[in-house]
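Remarks on the overall topology
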Amino acid sequence: MITTRSLFHALAVNTALLACIFIATPAPAATCSETDAEALGWLAKMSRSYREVAYQGVVTFQRGGDLQVMQIARSVEVGESSELLTRLTGQGAQVVRAAHPLDCTHPGQQLLQLGDQLPASGCGMAEYYRFQVGEGDRIAGRQAVRVGIQPRDMYRYGYVLELDRETGLLLGISTLGRGDQLLERFQFADLHYGEPESPQRVVETVHPARHPHPDVADEGPALTASWSVSWLPRGFTPTDSAEAVSPRRTYTDGLAVFSVFLEQLSRELRPGEGVVREGSTTSYTRGMSLAGQPMLVTVVGEVPLNTARMVADSIRLVR
């Protein structure tokens, strides 16, 4: 099943559903090479296009043996944008995100926009990924620039991005696992720039996209004790200013994103773990005893299983 979040993840490279918040970019430790600088410049252009460009089109989303076809429409008006995503296969459904402020900077966008600050800021994300830039395919009638992204460690996935040479808009993205295994692929099949025509297709099921604010508490009961995640892959940074007893933490490196959920239980669970993997999305769940308190830990996001397991292992209660 393709979820609401995974659809917008493919279209916005993990930036669409995160809260509006400015984060500090980690200080780079190395000089950026010419290839890295070029790649980061294209990533910055892609991030800007997401805020500036209006369009409508048809996209395909492939995950394993499942192929979905969707219609996407994005409008940009004074100070805000709106998106409408309609599934054209299966039972059909719509995802709507209306009146999104253009001055909202998502954490992933802030990291991607590092390319605008080169060369003074060094190489940034190139500390965690290796980049290649070359001529891309022709996608939906647009000539693309291909940006290959390989992880420098085992804790994240690789990507191949196809960006519109003129606008920087993301025309396609392939997410790659170990051994360059294709986990999922998104690609435009048809694309037209400009304000979308209306009305769009009408369906019975409509899902408003969540857009949480970092100062608004998560739904669900707060914990009775503070907690922390004591290990993260290099380059990942919090996306929110969650309270110490909030049941959720979310992290991103600008391309990948994952969330950690902690639920306080009334009784111990049997030892064991549960794993669900759909394309690039991993859901890892395990019962744990933290300082004598039974807890259910869940890590969900676009990271390999070993990363989710190590993050879960590092959770500590803070007394």
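Residues numbered from 1 in each chain as written. Predicted model: local features only at pLDDT ≥ 70, side-chain atom pairs only at ≥ 80, totals over all residues. Heavy atoms only, no water.

**Describing the packing of aromatic side chains**
Counting across every chain of the model gives five aromatic pairs. Considering the side-chain rings of Tyr 155 and Trp 231, the 5.1 Å spacing of their centres and the 75° angle between planes classify their relative orientation as edge-to-face. With Tyr 155 in the loop between strand S6 (142-151) and strand S7 (158-164) and Trp 231 in the loop between strand S11 (226-229) and strand S12 (237-238), this pair connects stretches of sequence that are 76 residues apart. Classification of Trp 231 as partly exposed rests on a relative accessible area of 23%. With a centroid separation of 5.5 Å and an interplanar angle of 35°, the aromatic rings of Tyr 251 and Phe 258 are classed as tilted. A relative accessible area of 1% places Phe 258 in the buried class. Within the aromatic cluster, the residues linked to one another by ring pairs are Tyr 55, Phe 186 and Phe 188. The ring of Trp 227 has Arg 249 lying over it, and the distance from NZ or CZ to the ring centre is 4.1 Å. (Phe/Tyr/Trp six-rings, centres within 6.5 Å; stacked < 30°, edge-to-face > 60°. Helix = DSSP H or I, 4+ residues; strand = E, 2+ residues; numbered from the N terminus. Buried < 20%, exposed > 50% of the residue type's maximum accessible area, 1.4 Å probe, protein only. Lys NZ or Arg CZ within 6 Å of the ring centre and 35° of its normal.)

**Thoughts on helix H2 (residues 34-52)**
Two residues of an α-helix separated by three or four positions point the same way, owing to the 3.6 residues in each turn. If you check H2, its first and last C-alpha atoms are 27 Å apart, about what 19 residues at 1.5 Å a residue would give, namely 27 Å. Burial in H2 covers these residues: Asp 36, Ala 39, Leu 40, Trp 42, Leu 43, Ala 44, Met 46, Ser 47, Ser 49 and Tyr 50. (Expected span 1.5 Å × (residues − 1).)

**Focus on the pattern of salt bridges**
Enumeration according to the criterion identifies 13 salt bridges in this entry. Among the salt bridges present, the one from Arg 146 reaches Glu 162, with a minimum N-O distance of 2.6 Å. Highlighted residues: Arg 146 in strand S6 and Glu 162 in strand S7, separated in sequence by 16 residues. Since its relative accessible area comes to 29%, Arg 146 is described here as partly exposed. (Salt bridge = Lys/Arg side-chain N within 4 Å of Asp/Glu carboxyl O.)

**Quick look at unusual backbone geometry**
Trans peptide bonds make up most of the peptide bonds, and negative phi angles are found at most residues other than glycine. Unusually for a residue other than glycine, Asp 180 sits at a positive phi of about 60°. Take Asp 180: it is sitting in the loop between strand S8 (170-176) and strand S9 (182-193). If you check the backbone angles, Ala 291 has positive phi at about 50° while not being a glycine. Assignment of secondary structure puts Ala 291 in the loop between strand S16 (281-290) and strand S17 (293-301).

**Brief notes about helix H4 (residues 305-313)**
Restricting attention to buried positions, one finds in H4 the residues Leu 305, Asn 306, Thr 307, Ala 308, Val 311 and Ala 312. Buried residues along H4 sit in contact with S11, strand S14 (257-264), strand S15 (273-278), S16, S17 and strand S18 (315-318). (Contact = heavy atoms within 4.5 Å.)

**Some details on the side chain of Arg 248**
Along the chain, Arg 248 falls in strand S13 (residues 248-252). A distance of 2.5 Å separates a polar atom in the side chain of Arg 248 from a polar atom in the side chain of Thr 250. (Polar contact = N/O pair within 3.5 Å; in protein donor to acceptor, adjacent residues only side chain to side chain.)

**Here we look at the confidence of the model for the protein chain**
Counting all residues, the mean pLDDT for the protein chain is 79, and 74% of those residues have values of 70 or more. Between the elements of the protein chain, mean pLDDT differs from a low of 46, seen in helix H1 (residues 4-12), to a high of 97, seen in H4. In this model, residues 1-29 is a region of pLDDT below 50 whose contacts with residues beyond four sequence positions or in other chains number 103 contacts. Of the regions scoring below 50 in pLDDT, residues 113-121 engages in 18 contacts with residues more than four places distant in sequence or in other chains. (pLDDT = per-residue confidence, 0-100.)

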